[in-house]
Amino acid sequence: QVHLVESGGGLVQTGGSLRLSCAASGRTFSTLAMGWFRRAPGKEHEFVAAIRWNGDRTKHADSVKGRFTISGDNPRNAMYLQMNNLGSGDTAVYLCAAGNTWPLRTTMSPSDFHSWGQGTQVTVSS
């Protein structure tokens, strides 16, 4: 339904920064939320951040609040995650996702999203 491609991952030292990008194409007109999840080895998907389709609302997980910032240029088509003060706990595959719901709760679940990218690896060293 929606094709998503992440970019910007890589290897960074503790305390460093990365900016991830997500490009969306296809049937994006009905998207209400764009979000970032991450999956560390042996763990389930963890919510990171989300942005409402028109950019007027955002959500950030407590674990990244104050360090990560989600943004978008017409978020249905282009979304970003600025990651600062990275630590070893941030090492994971980061995936962007598109969904058709924007719940009132402050976190989002993988089940809120219907389309997923393949992910980009973020590795924080030392």
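Going by the structure above, here's the rest.
Figured I'd write up the structure that's included with this text. Only a predicted model underlies this, so the values are computations on that prediction, with no experimental measurement involved. (Residues numbered from 1 in each chain as written. Predicted model: local features only at pLDDT ≥ 70, side-chain atom pairs only at ≥ 80, totals over all residues. Heavy atoms only, no water.)

**Let's talk about the environment of Cys22**
Now for step 1: If you trace the backbone, Cys22 turns up in strand 3 (residues 18–26).
Now for step 2: C-alpha separation for the pair Cys22 and Asp90, spaced 68 residues apart in sequence, amounts to 18 Å.
Now for step 3: Excluding residues that lie within four positions of it along the chain, Cys22 makes contacts with Leu4, Val5, Glu6, Met34, Trp36, Asn77, Ala78, Met79 and Cys96. (Helix = DSSP H or I, 4+ residues; strand = E, 2+ residues; numbered from the N terminus. Contact = heavy atoms within 4.5 Å.)

**Concerning the pattern of salt bridges**
Now for step 1: Inspection of every chain in the model, using the stated rule, returns seven salt bridges.
Now for step 2: Here Arg38 and Glu46 are joined by a salt bridge, their closest N and O atoms 2.9 Å apart.
Now for step 3: Residue Arg38 is classed as buried on the basis of its relative accessible area, which comes to 6%.
Now for step 4: Measuring nitrogen to oxygen at the nearest pair gives 2.8 Å for the salt bridge that ties Arg38 to Asp90. Of this pair, Arg38 sits in strand 4 (residues 33–39) while Asp90 is found in the loop between strand 8 (78–83) and strand 9 (92–99), placing the two residues 52 residues apart along the sequence.
Now for step 5: Here Asp90 falls in the buried class, since its relative accessible area comes to 3%. (Salt bridge = Lys/Arg side-chain N within 4 Å of Asp/Glu carboxyl O. Buried < 20%, exposed > 50% of the residue type's maximum accessible area, 1.4 Å probe, protein only.)

**Some remarks on the packing of aromatic side chains**
Now for step 1: Considering all chains together, one arrives at four aromatic pairs under this definition.
Now for step 2: Aromatic side chains Phe37 and Phe47 sit 5.6 Å apart centroid to centroid with 65° between the ring planes, which places their arrangement in the edge-to-face category. Remark: Phe47 occurs in strand 5 (residues 46–52) and Phe37 occurs in strand 4; sequence separation between them is ten residues.
Now for step 3: For Phe47, a relative accessible area of 9% translates into the label buried.
Now for step 4: Through a chain of ring-to-ring contacts, the aromatic side chains of Phe37, Phe47, Phe113 and Trp116 assemble into a single cluster.
Now for step 5: A cation over a ring is seen here: Arg19 above Tyr80, with NZ or CZ 4.1 Å from the ring centre.
Now for step 6: Taking NZ or CZ as reference, Lys59 lies 4.5 Å from the ring centre of Trp102, over its face. (Phe/Tyr/Trp six-rings, centres within 6.5 Å; stacked < 30°, edge-to-face > 60°. Lys NZ or Arg CZ within 6 Å of the ring centre and 35° of its normal.)

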